[in-house]
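Residue strings, one per chain:
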Amino acid sequence: MSKPMDLHERNAAYAGDDEVEPVSPVERITVKPKGAAFSPGGSSSSSAATEHHGAVEMVTGPDPGQQPPLETTVAELEAGKGRRFAFLKRPQFWIVLALSQALAITQTGTNTLSTLLANIGTSIPAFQSLFNYVLLALIYGSITVYKYGVTGWLGMVRKDGWKYFILAFLDVEGNYFTVLAYRYTTILSAQLINFWAIAVVVVISLLFLKVRYHIAQYAGILVACAGLGLLVASDHITHSNGGPALNAVKGDLFALLGATCYGFSNVAEEFLVSKRPMYEVIGQLGFWGMFINGVQAAIFDKESFRSATWNGTVAGYLVGYTLLLTWFYTAAPIVFRMASAAFFNIGLLTGNFWGVAVGTGVFHLKIHYLYPIAFVLIIGGHFVYYGTEGVLGEAKKPWLGENQEGGDDSLGTAKRHLEHPSVLV
């Protein structure tokens, strides 16, 4: 076995997705980022490793014989902490639960601002999301260029750009078709379609990522979905489903298509952020999404843009919408790393509850007695979901190897916990 690379050298590696045989020669393209100190000997300082990624090496995959030394292994961690309710006892569960609810509240905020925009005559769904993708590209794309250098960034785009294009396309279309669904069908029908997004995530994860769910996880999903069912029933009882549908069949099909795109994009993003730095994934999502969404807005939002109301209030709503959505896209990958795309979607089910809670002040809505019960059911589903999970929960990704050899070791990953067992995130 070859000598293990130290942390500085390991963090310097820009690894591809496919495994390579340790004995096979691998062509490497080394790019020295601006301001990064890199030498063949590297540095054993963990602080230096987090400050600079060093040279970016374009390789077909990480060499299993050159992984950095770990402080512990998954087996040792599981043996030391026990199995029964192991993840529920750790602070990481409460962190990811709180983060998922923060994202649900954020989504409520963006939906509220979209409603306020529509109420004053500005309904431009594709165009209003464009600023988010531009901001993501500016922030995280700039970080990526700084870390990799221009040549390294171009090499990454040339090698993996098609993957990020697909991710961005699915994300943009998920947003677009979901907004279209609300135009044609009732809110009640659109909410019921939320079940489909979870089903899509579970099926794709089973088929393509080889994820194997426990009975408790299926039970947790069902309990959370039962809570959503109560929310929908409450809306039906109080006749707050938005009135008759303009074209129910057309709207339901748009909702199904949007939920399917969301399911695919969530699983794809979970896979990519488990193997790549978050700034790269988010930056590329913003970069490609900016072009895709821009073209779509130019084609489909042209008339809406001309007839829209434009004033200081609209500008304020658009700024708030963009900032909330940018935070959403920044925090979501942490949930994908610490938990999974399935847990992420379960967490968003409480969005309807938070929407009514916000609506009581903004739109003078009334909270039906079933809403608190539904909220407790959805949150309870989170606890059932992780009832039998091990110490690392779903942060341990099955496609990365037993000790996550093929994964990134930055914020929120299981490999980071194996290298630094005392770290929280």
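Residues numbered from 1 in each chain as written. Predicted model: local features only at pLDDT ≥ 70, side-chain atom pairs only at ≥ 80, totals over all residues. Heavy atoms only, no water.

**What to know about the overall build of the chain**
- Scanning the chain from N- to C-terminus turns up 16 helices and three strands.
- Burial analysis of the chain (425 residues in total) assigns 53% to the buried set.
- Pairs at least 24 apart in sequence give 87% of the contacts found in the chain among residues at least 6 apart.
- Summing over all exposed atoms, the chain offers an accessible surface of approximately 18,900 Å²; the carbon and sulfur share of this is 67%. (Helix = DSSP H or I, 4+ residues; strand = E, 2+ residues; numbered from the N terminus. Buried < 20%, exposed > 50% of the residue type's maximum accessible area, 1.4 Å probe, protein only. Contact = heavy atoms within 4.5 Å. Areas by Shrake-Rupley, 256 points an atom, 1.4 Å probe, with all protein chains shown as cover.)

**Focus on the confidence of the model for the chain**
- Here the chain averages 81 in pLDDT, and 79% of its residues register 70 or above.
- Contacts from residues 2-64, a stretch scored under 50 in pLDDT, to residues over four places away or in other chains number 128 contacts. (pLDDT = per-residue confidence, 0-100.)

**Topic: the environment of L103**
- Residue placement: L103 occurs in helix α4 (residues 91-119).
- Judged by relative accessible area, L103 falls into the buried class, the value being 0%.
- It is 9.4 Å that separates the C-alpha atoms of L103 and L324, two residues lying 221 residues apart in sequence.
- If we ignore the near neighbours within four places in the chain, the residues touching L103 are W327, F328, A331, A332, V335, F344 and L348.

**Topic: the packing of aromatic side chains**
- According to the stated counting rule, one finds 30 aromatic pairs in the structure shown.
- A ring pair is formed by F271 and W399, whose centres lie 6.1 Å apart and whose planes are at 40°; its orientation type is tilted. With F271 in helix α9 (residues 248-275) and W399 in the loop between α15 (370-385) and α16 (414-419), this pair connects stretches of sequence that are 128 residues apart.
- Owing to a relative accessible area of 24%, F271 belongs among the partly exposed residues under this scheme. (Phe/Tyr/Trp six-rings, centres within 6.5 Å; stacked < 30°, edge-to-face > 60°.)

**Concerning the pattern of salt bridges**
- Counted by the stated rule, this structure contains eight salt bridges.
- Two residues, D160 and K159, come together in a salt bridge whose shortest N-O distance is 3.7 Å.
- Overall, the relative accessible area of 31% leaves K159 in the partly exposed class.
- Note that E303 and R306 form a salt bridge whose closest N and O atoms lie 3.3 Å from each other. (Salt bridge = Lys/Arg side-chain N within 4 Å of Asp/Glu carboxyl O.)

**Some points on the nonpolar core**
- Of all hydrophobic cores here, the largest spans 74 residues; its most connected members are L103, V335, F343, F344, Y385 and Y386.
- Top element by residues in this core is helix α5 (residues 125-184). It accounts for eleven residues.
- Ranked by size, the runner-up nonpolar core spans 14 residues in total, among them L180, A181, F254 and A259. (Core = buried A, V, L, I, M, F, W, Y, C linked by side-chain atoms within 4.5 Å.)

**A look at unusual backbone geometry**
- Of note, K210 is a non-glycine position whose phi angle comes to about 60°, a positive value.
- As for its placement among the helices and strands, K210 is situated in the loop between α7 (194-208) and α8 (215-237).
- By relative accessible area, K210 is classed as exposed at 53%.
- The backbone of Q404 shows a phi angle near 60°, a positive value even though the residue is not glycine.
- Structurally, the position occupied by Q404 is in the loop between α15 and α16.

**Some points on a nonpolar patch on the surface**
- A cluster of nonpolar residues, W162, F165, I166 and F169, forms a patch on the protein surface that exposes about 420 Å² of accessible area.
- Structurally, F165 can be placed in helix α5. (Patch = residues over 30% accessible without salt bridge, like charges linked within 9 Å, V, L, I, M, F, W, Y side chains within 5 Å.)

**Some thoughts on the packing of α9 against helix α12 (residues 312-338)**
- Their axes nearest at 9 Å, the elements α9 and α12 cross at an angle of 75°. In terms of orientation, α9 lies roughly perpendicular with respect to α12. Listed contacts from α12 to N266, E269, E270 and V273 of α9 are P333, F336 and R337.
- Partitioning the contact of α9 with α12 into residue classes produces three nonpolar, one polar and three charged. (Axes fitted to C-alpha atoms, helices over the stretch in contact; angles between N-to-C directions. Parallel < 35°, antiparallel > 145°, perpendicular 65-115°, else oblique. Nonpolar A, V, L, I, M, F, W, Y, C, P; charged D, E, K, R; others polar.)

**So, the side chain of N345**
- Mapped onto the secondary structure, N345 falls in helix α13 (residues 341-347).
- What makes N345 buried here is its relative accessible area of 9%.

**Re the packing of α4 against α12**
- Axis separation between α4 and α12 bottoms out at 9 Å; the angle between their running directions is 155°. Here α12 runs roughly antiparallel to α4, going by the angle between their axes. When the axes of α4 and α12 are compared, the crossing they make is left-handed. (Left-handed = near helix turned anticlockwise from the far one by under 90°.)

**Brief notes about α4**
- Here α4 spans 42 Å end to end across 29 residues, near enough to the 42 Å set by a 1.5 Å rise per residue.
- Looking one or two residues beyond α4, the residue adopting positive phi is G121, at roughly 95°. (Expected span 1.5 Å × (residues − 1).)

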